[in-house]
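Residues per chain, in single letters:
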Amino acid sequence: SAGFETPEDFVAQALPYAKKAGEELGVAPEFLIAQSALESGWGGKVASDSRGRTSNNLFGIKADASWNGPVAKSRTIEFDGGVAQGDRI
């Protein structure tokens, strides 16, 4: 768990980071909060690393083969054109 008890708690904890990122990206922080809430189930479905620590990946961003940094693996079902493409890691 990333440590969010309620949706309100999620917003309160994420908002300062969303404001900073929003300024740098030119995006309203509310959009970043909304997308991260959607992708992570209000912070309840955040991938953990092999030691059980949170990845802090609230957006479900996936690394490709060019990524050389640490990763957290989790199973997901991806959709293409509304059709489930199966279970992926």
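Going by the structure above, here's the rest.
In this text the structure is predicted, and so the values were computed from the model without any measurement.

Another point: the overall build of the chain. Each helix and strand counted, the chain has 2 helices and 2 strands in total. Across the chain, helices and strands are ordered from the amino to the carboxyl terminus as α-α-β-β. Relative to its 89 residues, the chain shows a buried fraction of 17%. Here the contacts in the chain between residues at least 6 apart in sequence split such that 27% fall between residues at least 24 apart. Here the chain holds 9 positive side-chain charges and 12 negative ones, and the gap between their average locations is 8 Å.

This part covers the environment of aspartate 64. Of note, aspartate 64 is situated in the loop between helix 2 (29-40) and strand 1 (76-80). In this structure the C-alpha to C-alpha distance between aspartate 64 and glycine 41, which are 23 residues apart in sequence, comes to 23 Å. At 2.6 Å, the side chain of aspartate 64 forms a polar contact with the side chain of serine 66.

Attention now goes to the nonpolar core. Counting 9 residues, the largest nonpolar core is built from Phe4, Phe10, Ala14, Ala18, Leu32, Ile33, Ala37, Val46 and Leu58. Elements represented by at least two residues in this core include exactly helix 1 (7-25) and helix 2. Contacts of alanine 37, omitting those with residues within four sequence positions, involve Phe10 and Trp42.

Conventions used here
Each chain has its residues counted from 1, following the order in which its sequence is written. The predicted nature of this model means local features are confined to residues of pLDDT at least 70 and side-chain atom pairs, given and counted, to a pLDDT of 80 or more, with totals for whole chains, interfaces and linings taken over all residues. Calculation of side-chain values draws on the structure's entire complement of heavy atoms; hydrogens and water are dropped beforehand. In this description a helix means any DSSP run of H or I spanning at least four residues, a strand means any run of E spanning at least two, and both kinds are numbered starting from the N terminus. Buried means the residue's accessible area, taken with a 1.4 Å probe over protein chains only, is under 20% of the maximum for its type, while exposed means over 50%, and partly exposed covers the values in between. By definition, residues are in contact when any of their heavy atoms lie within 4.5 Å. The sign given to each residue is positive for Lys and Arg and negative for Asp and Glu; His and the chain ends receive no count. By convention, the charge on Lys lies at NZ, on Arg at CZ, on Asp at CG and on Glu at CD. We call two N or O atoms a polar contact when they sit within 3.5 Å, provided that within protein one can donate a hydrogen and the other can accept it, with sequence-adjacent residues counted only if both atoms are side-chain atoms. Nonpolar cores are built from buried Ala, Val, Leu, Ile, Met, Phe, Trp, Tyr and Cys residues. Side-chain atoms within 4.5 Å join them into one set.

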